[in-house]
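Structural overview for review
Chain residues, written in single-letter form:
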Amino acid sequence: MPKVSKHLNAANLIDQVCKCLDEIPDHRPNHCPNGIPFPNFAKSAFAMMHQKYDSLLTFDSDRADPVILHNLATMYHVQDQKVPCDTRMREVLDPIEPAQFRKPFKKLFSLIQRNKLLKAFEYQCGDLKDWYLMPVDGTGLFYSGKCRCQECCVKNKGKPNEAYYHNLLGGCIVHPDQKVVMPFAPEAIVQQDGDNKNDCEQNAIKRYLAHVKREHPHLKLVILLDGLFADNPTIELIKSYGWHFIIVAKDGNHKSLIEAMDALCDQEQLSYHKIIDEEQGTRHWFRFANDVPLNASKLTQNVNVLDYVETDSEGKRHTWCWVTDIELTKDTVEAVMRGGRCRWHIENQTFNTLKNQGYSLEHNYGHGKQHLATNLAYLTFLAFMVDQIQEMASPEFKKALKERARGVRTYLWKVITRVFLSWMLEGWDELFDALIYGIKPGRVQINTS
Ligand SMILES: [Zn+2]
């Protein structure tokens with residue numbers, strides 16, 4: 001298990017996030033100097049996501065409560081007890097360039113690195129010793145037949161059922177043995193990326209990978225992707241960055257690759273490996289070849305292909321096929337399989353948590369005309385990142401999770417919100433002390449003054 005660190009507790013993580021939000025330039029023309037300080041808009045929205053409010057309206061109803069005003073100041077650095085109303089929050093966050101929200105992600109990531117948290121994510125495979133698995137995938141955020149902003153992708157263009165939607169790409173560092181993930185800043189897929197879903201995602205991923213390379217030039221990554229991305233330009237880009245890849249191959253997308261494998265099979269040129277796990281009652285069967293053309297084009301990349309079948313203790317078979325640039329041998333196929341299967345962590349441990357386990361990534365907090373939907377999604381990812389780091393390395397979070405919530409983190413988040421809404425707190429330390437040691441019972445005192 002990774003070491004715990006006082007630098008990775010809620011107080012410090014949120015302090016770092018807020019310092020980055022303080023630096024976003026104020027775009028308001030001639031704003032009143034006595035009005036709401038500009039950073040309060042992003043900090044209030046971040047607090048709303050971190051406390052897992054499911055709508056801006058509910059947050060708006062709470063914002064005059066003296067307990068919440070106090071706690072927004074002590075725990076989220078919202079200044080002068082000035083919290084914007086829902087309409088003003090939408091108006092002011094809308095024009096902010098989404099790139100402005102990348103900085104806190106980078107800041108948190110450097111904290112993770114400095115505190116050696118990445119050690120627990122190191123991936124070993126053959127000669128690869130301290131590499132990291134990074135799945136990247138797209139997910140839906142918003143869908144409407146009416147609302148539209150300048151970033152909306154359009155479905156059924158020009159038809160009566162024309163509709164507008166937002167998707168984004170998310171990526172994170174994962175490990176087969178880790179429950180938590182370490183996310184990077186997401187990337188919005190915007191209308192300008194192309195005319196159809198596939199084009200959009202393929203263009204957006206190039207931008208996504210370029211951002212990660214620019215911000216983390218020395219990070220050694222094995223990129224895990226769905227078959228949609230197994231095209232020559234994406235593979236070339238990954239290689240040009242000095243990274244590796246493990247990409248799902250599917251019959252539909254990779255007809256000639258599957259045919260090439262069948263031909264090699266007929267010529268008895270494939271290699272095989274088998275592992276029997278007596279303890280779990282599972283059997284792992286591998287069939288592989290190196291240096292196979294990805295597709296029928298003359299300029300295609302050659303890839304290494306791994307077919308894998310798992311037979312579980314009840315006799316059910318599960319099959320996968322991946323293409324990779326990691327050399328496949330009897331010594332590496334198991335690690336490549338374990339790495340390839342980790343792609344699931346972006347779906348299950350990231351998008352599912354963000355949509356169904358407390359955060360409300362798909363809820364419509366507001367759409368705006370320019371970047372509002374994207375900016376609010378960035379802040380949701382940021383809240384998720386703070387919580388993932390805490391869960392992995394904050395001593396008080398781990399203690400509260402074990403002793404107050406019996407290990408159920410969604411329950412712990414609910415209790416955190418309950419205490420945040422009910423008690424005036426001097427900061428995060430006091431909140432966690434309250435969770436771990438309990439709050440003395442007392443009668444409600446009615447204020448009739
Ligand atoms: Zn839109």
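Counting starts from 1 at the beginning of each chain's written sequence and moves along it residue by residue. Local features in a predicted model are, by the rule used here, given only for residues with pLDDT of at least 70; side-chain atom pairs are given and counted only at 80 or more, and totals for whole chains, interfaces and linings are based on all residues. To obtain the side-chain values, all non-hydrogen atoms of the structure were used and water was disregarded.

Moving on to the coordination of the zinc ion. For Na, K and Ca the donor cut-off is 3.2 Å, while for other metals it is 2.8 Å, and in both cases only N, O and S atoms qualify; water is not among them, so sites may look incomplete. In this structure, Cys149 (SG), Cys152 (SG), His166 (NE2) and His367 (NE2) serve as the protein donors to the zinc ion, at separations of 2.0 to 2.3 Å. Under the classification used here, a metal with four donors is tetrahedral if each angle lies between 85 and 135 degrees, square planar if opposite donors are over 155 degrees apart and the others between 65 and 115, a six-donor metal meeting that same test is octahedral, and anything else is irregular. Each of the four donor atoms around the zinc ion contributes to a set of angles spanning 97 to 133 degrees, which defines the coordination as tetrahedral. Counting gaps between the donor residues of the zinc ion yields the pattern C-x2-C-x13-H-x200-H. Pair noted here: cysteine 149 is in the loop between strand S2 (128–144) and strand S3 (153–155) and histidine 166 is in strand S4 (residues 163–173), with a separation of 17 residues, a long-range link. To qualify as a helix, a DSSP run of H or I must reach at least 4 residues; to qualify as a strand, a run of E must reach at least 2; elements of each kind are numbered from the N terminus.

What follows concerns the pairing of S2. Accessibility here uses a 1.4 Å probe with only protein chains present; expressed as a share of the type maximum, an area under 20% marks a residue as buried, one over 50% as exposed, and anything in between as partly exposed. A large share of S2 lies buried, amounting to 13 of its 17 residues. Two strands qualify as a pair provided DSSP detects at least 2 bridges between them. Sheet topology places strand S1 (residues 123–125) next to S2; two bridges connect them, and they run antiparallel. Each bridged residue has a counterpart across the sheet, and for tyrosine 123 the counterpart in S2 is tryptophan 131. Taking the residues between adjacent antiparallel strands as the criterion, S1 and S2 are bridged by two residues, where glycine 126 takes a positive phi near 60 degrees. Bridge count for S2 against strand S7 (residues 221–225) is four bridges, and the pairing is parallel. Within S7, the position partnered with methionine 134 by the bridge is isoleucine 223. Across eight bridges, the pairing between S2 and S4 is antiparallel. The residue bridging tyrosine 143 from the neighbouring strand is tyrosine 165, located in S4.

Residues belong to one nonpolar core when they are buried, are Ala, Val, Leu, Ile, Met, Phe, Trp, Tyr or Cys, and are joined through side-chain atoms within 4.5 Å. Membership of the largest hydrophobic core comes to 147 residues, with the highest contact counts inside it found for Phe46, Tyr76, Ile173 and Leu431. Per-element tally for this core: the top contributor is helix H12 (residues 372–393), with 14 residues.

Our focus in this paragraph is the domain arrangement of the protein chain. Parsing the protein chain into structural domains produces domain 1 (6–99 + 370–437) and domain 2 (244–332). Domain delimitation in this document rests on an assignment produced automatically or drawn from a domain database. Distance from the C-alpha centre of domain 1 to the C-alpha centre of domain 2: 46 Å.

Another aspect to go through is the environment of leucine 21. Note that leucine 21 resides in helix H1 (residues 10–22). Owing to a relative accessible area of 1%, leucine 21 belongs among the buried residues under this scheme. With 22 residues separating them along the chain, leucine 21 and lysine 43 place their C-alpha atoms 6.9 Å apart.

Right, let's talk about the packing of H1 against H12 for a bit. To describe two helices that pack against each other, one gives the angle between their axes and the distance between the axes. Here an axis means a line fitted to C-alpha atoms, over the contact stretch when the element is a helix, while the angle between two N-to-C directions is reported on a 0 to 180 degree scale. The interhelical angle for the contact between H1 and H12, taken along N-to-C directions, is 150 degrees, at an axis separation of 10 Å. It follows from the interaxial angle that H1 and H12 lie roughly antiparallel. The way H1 lies across H12 gives a crossing that is right-handed. Taking contact as the criterion, the partners of Ala10, Leu13, Ile14 and Val17 in H1 are, on H12, Leu382, Val386, Ile389 and Gln390. Should an angle fall under 35 degrees it is called roughly parallel, over 145 degrees roughly antiparallel, and 65 to 115 degrees roughly perpendicular, with every other angle called oblique. Handedness of a helix crossing follows the sense of rotation of the near helix relative to the far helix, less than a right angle counterclockwise being left-handed and clockwise being right-handed. Only heavy atoms matter for contacts: two residues are in contact if any of them lie within 4.5 Å across the pair.

Let us look at the pairing of S4. The buried fraction of S4 is high, at 11 of 11 residues. Every second residue of S4 is oriented toward a common face, with Ala163, Tyr165, Asn167, Leu169, Gly171 and Ile173 on one face and Tyr164, His166, Leu168, Gly170 and Cys172 on the other, all of them buried. Pairing between S3 and S4: three bridges, direction antiparallel. Within the sheet, the bridge partner assigned to lysine 155 lies in S4 and is alanine 163. Relative to strand S6 (residues 187–189), S4 runs antiparallel, the two being bridged by three bridges. Bridged to leucine 169 within S6 is glutamate 187.

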